[in-house]
Amino acid sequence: MPQLVFSGKQIPPLEPASLRLESVVWPPGQSPSDALPPNRLLWGDNLAIMSALLPQYEGKIRLIYADPPFFTNRRYRARVGRGEDSRKPETWRLAEGYADRWASLDDYLAFLYPRLVLMHRLLAPNGTFYLHLDWHAAPYARVLLDEIFGPKRLINEIVWVYHGPSPIKRAFNRKHDTILMYAKGDDYMFNVDAVRVPYNPNTVATFRSSPKAGFGKVPDLARGKVPEDWWYFPVVARLHRERTGYPTQKPEALLERIVLASSQEGDWVADFFCGAGTTAVVANRLGRRFLCADATQQAIQTSRLRLMRGQAAFAVEADQQLYRPPQPFPAEWTPAVEDGWVSLPQAALAQAEGWEVGYWTDGVFYSTAQAVRAPRATEPPPARLPWKEKNRTLAVRLTALDGAVWLWQG
Ligand SMILES: C[S@@+](CC[C@H](N)C(=O)[O-])C[C@H]1O[C@@H](n2cnc3c(N)ncnc32)[C@H](O)[C@@H]1O
């Protein structure tokens, strides 16, 4: 079997991250309990994070979706602030997103290879792995995955096609990504009925007018068809409801198809390059448990706020080396507490992407109610939140528009 040779091809000695619990989010109506929610959002380099997860999750994860940097040699910035509408640049500012810069292709592949090996180890024997790339590196990754999974384990090479502006004048516009889908074993899950789509109206009309149109084979028109291995979904830039401002965010519809096809309720779904948290949001909505990680604080903050909007229960952990404690509230932000409600003054709300009430124990914030600004909204988040925990000391956490985290303790 052909093998890919590049300098730096090795699995470095594993150095597991030391994970520190940062916060636990219980959506309103779900009482906090001593047991942590199963869902985990993890901040750190995924090589160290995955190494730390191996003892607990090796061979247990049903579905892993990976959307790493594509080897574009670009630096991506996030748009943060009140809205991120391209037509109103005065309402947002640029923040550090993530870097996709490499000394060479060898350098990039030496980054990718050990991470692919660890994801393969974490995958359940009946699990499925999706690697999302584009023309820059997908052909090399295909060879690496053939080595790791075995060449017979490639289930599909999926092509995601989309539209969008492009400055290219001397080539066809590059408007597709490649998603390589591999199974770890023969008995992988594929929920065919969960992903069926309606037949093209022309096909329906043809069969309605002539049952012989299919040379004796009449499709079940009402049931719909299995999608082809090329998918059209609009890019997030065109999806106003979904845009977070985090760069290279993927559409929820794309993840929904993957999660529905290759997992069932209660399964573990993981994404160790989670960016704006698309996989976590979709997995949670579909009743799966999630493990998601990213190396940048911007990604973790974006995912955290987005998961709170989706009323998810989850724990946030950070590699101990990255953890920074929240800053104390300035005096003018002091909340008011009355009749089981906490309110924030306008000065604080104007700065808030989101805020939460809860309690602070042993350096961990336990969130019991959350108010989050609607995506791209200019209006502040709601000013009042319920506080019912009579036996605990109130704490308030605020995530500012610039991503800084602030804490008030009663
Ligand atoms: C293409 S983006 C993922 C976008 C995501 N699928 C979404 O829908 O928002 C790639 C992500 O990988 C993260 N990343 C890059 N290197 C990483 C590493 N070593 N460990 C963890 N995350 C990493 C980047 O910070 C970035 O958020």
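Residues numbered from 1 in each chain as written. Predicted model: local features only at pLDDT ≥ 70, side-chain atom pairs only at ≥ 80, totals over all residues.

Remarks on helix 7 (residues 297-309)
Threshold: Comment: elements are numbered from the N terminus, with helices defined as DSSP H or I runs of at least four residues and strands as E runs of at least two. Take the number of residues in a helix, subtract one, and multiply by 1.5 Å to get its expected span. As a rule, residues whose C-beta atom has 12 or fewer other C-beta atoms within 10 Å are exposed, those with 20 or more are buried, and those in between are partly exposed; C-beta atoms are placed from the backbone.
The end-to-end C-alpha distance of helix 7 is 18 Å, a good match for the 18 Å that 13 residues give at a rise of 1.5 Å each. Within the sequence span of helix 7, burial applies to Gln298, Ala299, Ile300, Gln301, Thr302, Ser303, Arg304, Leu305, Arg306, Leu307 and Met308. Looking at the residues trailing helix 7, positive phi occurs at Gln311, about 55°.

Some words on the domain arrangement of the chain
Basically, it comes down to this: An automatic or database domain assignment provides the domain bounds reported here. Contacts are defined on C-beta atoms placed from the backbone: any two residues whose C-beta positions lie within 7 Å are in contact. Note on residue categories: nonpolar means Ala, Val, Leu, Ile, Met, Phe, Trp, Tyr, Cys or Pro, charged means Asp, Glu, Lys or Arg, and polar means any other residue, Gly included.
Per the domain assignment, the segments of the chain are domain 1 (19-194 + 233-319) and domain 2 (327-409). The C-alpha centroid of domain 2 is placed 29 Å from the C-alpha centroid of domain 1. With 26 residues of domain 1 at the contact, the number on the domain 2 side is 19 residues. Listing elements by their share of the side of domain 1 that touches domain 2, those giving two or more residues are strand 1 (19-25), strand 4 (74-81) and helix 7. Among the elements that take part in the side of domain 1 that touches domain 2, helix 7 stands out by supplying 6 residues, more than any other. Its residues assigned to classes, the side of domain 1 that touches domain 2 shows 11 nonpolar, 8 polar and 7 charged.

Things to note about unusual backbone geometry
We note that Phe71 has phi near 70°; this positive angle belongs to a residue other than glycine. Relative to the assigned elements, Phe71 resides in the loop between strand 3 (61-66) and strand 4. Overall, Phe71 belongs to the buried group, with 24 C-beta atoms counted inside 10 Å. One non-glycine residue, Thr248, lies in positive phi territory at about 55°.

As for helix 5 (residues 252-262)
For helix 5, every residue scored as buried is listed here: Leu254, Leu255, Arg257, Ile258, Val259, Ala261 and Ser262. At its buried positions, helix 5 is contacted by strand 3, strand 6 (123-133), strand 7 (154-161), strand 9 (230-232), strand 10 (268-271) and helix 6 (278-285).

Here's the deal with the packing of helix 6 against helix 7
Helix-helix packing is characterised by the crossing angle of the two axes and by the distance between the axes. Inclusion rule: Fitted lines through C-alpha atoms give the axes, limited to the stretch in contact for helices. The angle between two N-to-C directions lies from 0 to 180 degrees. Should an angle fall under 35 degrees it is taken as roughly parallel, and over 145 as roughly antiparallel, whereas 65 to 115 is taken as roughly perpendicular and any remaining angle as oblique. A crossing counts as left-handed when the near helix is turned anticlockwise from the far one by less than a right angle, and as right-handed when that turn is clockwise.
Packing of helix 6 against helix 7 brings their axes to within 9 Å, and their N-to-C directions diverge by 20°. Between helix 6 and helix 7, the angle is such that the two are roughly parallel. For the crossing formed where helix 6 meets helix 7, the hand is right-handed. Side by side, helix 6 and helix 7 meet where Ala280, Val281 and Asn284 of the first sit next to Ser303, Arg306 and Leu307 of the second. Of the residues belonging to the contact of helix 6 with helix 7, the class tally is 3 nonpolar, 2 polar and 1 charged.

Side note on the site of the ligand
Test applied: Residues are classed as near a molecule or strand if the C-beta position derived from their backbone is within 6 Å of it.
Lining the immediate environment of the ligand, one finds 19 residues, of which Tyr98, Phe273, Gly275, Ala276 and Thr278 sit closest. A class-by-class count of the residues in the shell around the ligand yields 9 nonpolar, 6 polar and 4 charged.

A look at the pairing of strand 6
The cut-off we apply is this: When DSSP finds two or more bridges between a pair of strands, those strands are recorded as paired.
Counting buried positions along strand 6 yields 9 of 11 residues, so the element is predominantly enclosed. With 5 bridges connecting them, strand 3 and strand 6 associate as parallel partners. Residue pairing in the sheet places Tyr65 in a bridge with Tyr130 of strand 6. One ladder, built from 6 bridges, connects strand 6 with strand 8 (residues 176-183); its direction is antiparallel. Opposite Phe129, over in strand 8, you have Tyr182 as the bridge partner.

Considerations on the pairing of strand 7
Relative to strand 8, strand 7 is paired through 7 bridges, and the arrangement is antiparallel. Pairing of Asn156 across the sheet is with Met181, part of strand 8.

Considering the packing of helix 2 (residues 105-122) against helix 3 (residues 138-149)
Two elements in contact, helix 2 and helix 3, have axes whose closest approach is 10 Å; the angle formed by their N-to-C orientations is 35°. The chirality of how helix 2 crosses helix 3 is right-handed. Mapping the contact onto sequence places Leu109, Leu112, Tyr113, Leu116, Val117 and His120 in helix 2 and Tyr140, Ala141, Leu144, Leu145, Ile148 and Phe149 in helix 3. Classifying every residue of the contact of helix 2 with helix 3 by side-chain character gives 11 nonpolar, 1 polar and no charged.

Brief notes about the sheet that holds strand 14 (residues 336-338)
Pairing in this open sheet of 3 strands is antiparallel, and the strands run 14-15-18 from one edge to the other. At either end of the open sheet lies a strand with only one pairing partner, and these are strand 14 and strand 18 (384-386). Pairwise comparison of adjacent strand axes, ignoring direction, gives a mean angle of 25° for this sheet. With 3 bridges joining them, strand 14 and strand 15 (residues 341-343) adopt antiparallel strand pairing.

Comments concerning the nonpolar core
Spelled out, the test is: Think of a nonpolar core as buried Ala, Val, Leu, Ile, Met, Phe, Trp, Tyr and Cys residues, each tied to the set through C-beta atoms within 7 Å.
Among the nonpolar cores identified, the biggest contains 97 residues, and Ile49, Ile64, Met119, Leu122, Leu131, Ala270 and Cys292 are the most heavily contacted of them. In terms of residue count, helix 2 provides more of this core than any other element does, 7 residues in total. Viewed by domain, this core spans two of them, domain 1 (19-194 + 233-319) and domain 2 (327-409), each represented by three or more residues.

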